[in-house]
Amino acid sequence: MEEVPNNNILIAPSILSADFTRLGEHIREAEAAGCDLIHIDVMDGRFVPNITMGPVVVEAVRRVTALPLDVHLMIVEPERHLSAFAAAGADRISVHIEASPNLHRALQTIRELGCGVGVAINPHTPASALSEIMPLLDVILVMTVNPGFGGQTFLPETLPKIRQLRAMAAASGRAMDIEVDGGINVETAAAVVEAGANVLIAGSAVFTSRYSVQEGVYALRQSPGN
Ligand code: DX5
Ligand code: ZN
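This text gives an overview of the structure that appears in the document. Computed from a predicted structure; not experimentally measured. (Residues numbered from 1 in each chain as written. Chains lettered and ligands numbered in written order. Predicted model: local features only at pLDDT ≥ 70, side-chain atom pairs only at ≥ 80, totals over all residues. Heavy atoms only, no water.)

## Here's the deal with the site of ligand 1
Okay, step 1: Near ligand 1, the surroundings consist of 20 residues, among which Asp41, Gly151, Asp181, Gly203 and Ser204 are the closest.
Okay, step 2: Here an oxygen atom of ligand 1 and a side-chain polar atom of Asp41 are 2.7 Å apart.
Okay, step 3: Between Gly148 and ligand 1, the recorded distance is 2.8 Å, taken from a backbone N or O atom to an oxygen atom.
Okay, step 4: In isolation ligand 1 has 380 Å² of accessible area, and contact with the protein removes 100% of it.
Okay, step 5: Mapped by element, the contributors of at least two residues to the shell around ligand 1 are strand 2 (38–43), strand 3 (69–74) and strand 8 (199–202).
Okay, step 6: Residue contributions to the shell around ligand 1 peak at 3 residues, all from strand 2.
Okay, step 7: Classifying every residue of the shell around ligand 1 gives 8 nonpolar, 10 polar and 2 charged. (Near = heavy atom within 4 Å. Polar contact = N/O pair within 3.5 Å; in protein donor to acceptor, adjacent residues only side chain to side chain. Areas by Shrake-Rupley, 256 points an atom, 1.4 Å probe, with all protein chains shown as cover. Helix = DSSP H or I, 4+ residues; strand = E, 2+ residues; numbered from the N terminus. Nonpolar A, V, L, I, M, F, W, Y, C, P; charged D, E, K, R; others polar.)

Encoded structure:
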């Protein structure tokens, strides 16, 4: 398959869909395929119904790749665990706006820990909820499914919000990544990029038994240009 590089778009494979018996191998394949970040989904069985991984896994992933680690905390009281994830090797950390009553402080703490500062926003939360914290952000992670599981169907009603957040980011004058997470594949990538996303998080479209990691990444990279 021929690669058509699209340098403006970053690809962040979510290891949630990887084969955990060969996680290191899968991450090396993703790195060799030209991925830009490794996305790690942390779930606590409270903020979302599912339980996944914690700092121990982040620390293990840190040892097998030089790529930045993009840690997505789907947990209640995220402020209690920020330093553990930073110490484990997270490069950027996103906390959910819906999970943190003292969000401003949580974001300041992420900054003090030396990590990129991110906020994640669920499908039901309006873009305007982020207006007061825009000056603190490096990353906005827009959930394009309801968080909790890989392999769900993209929600097209999130597209206007991506557009709105891109406009808010531009107005803030800050360089900001807009990540999209959930149901991103060759069919949906073009629409989210057109709306203003520049980081494609993809789990089941990259780690699958249907094709190789390299084929999955190349297909995603080509799709926004189609
Ligand atoms: C869902 C997670 C996602 C998930 C994406 O709550 O935040 O990162 O792994 O999986 P796909 O790409 O399969 O929808
Ligand atoms: Zn995620």
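## Re the pattern of salt bridges
Okay, step 1: Under the defined criterion, the tally for this structure stands at 11 salt bridges.
Okay, step 2: Among the salt bridges present, the one from Arg22 reaches Glu29, with a minimum N-O distance of 3.1 Å.
Okay, step 3: A salt bridge links Glu77 to Arg80; the nearest nitrogen and oxygen atoms lie 3.6 Å apart.
Okay, step 4: The exposure class assigned to Glu77 is partly exposed, which follows from its relative accessible area of 37%.
Okay, step 5: When its relative accessible area of 59% is taken as the criterion, Arg80 is described as exposed. (Salt bridge = Lys/Arg side-chain N within 4 Å of Asp/Glu carboxyl O. Buried < 20%, exposed > 50% of the residue type's maximum accessible area, 1.4 Å probe, protein only.)

Note that all results are geometric; they support no functional claim without further evidence.
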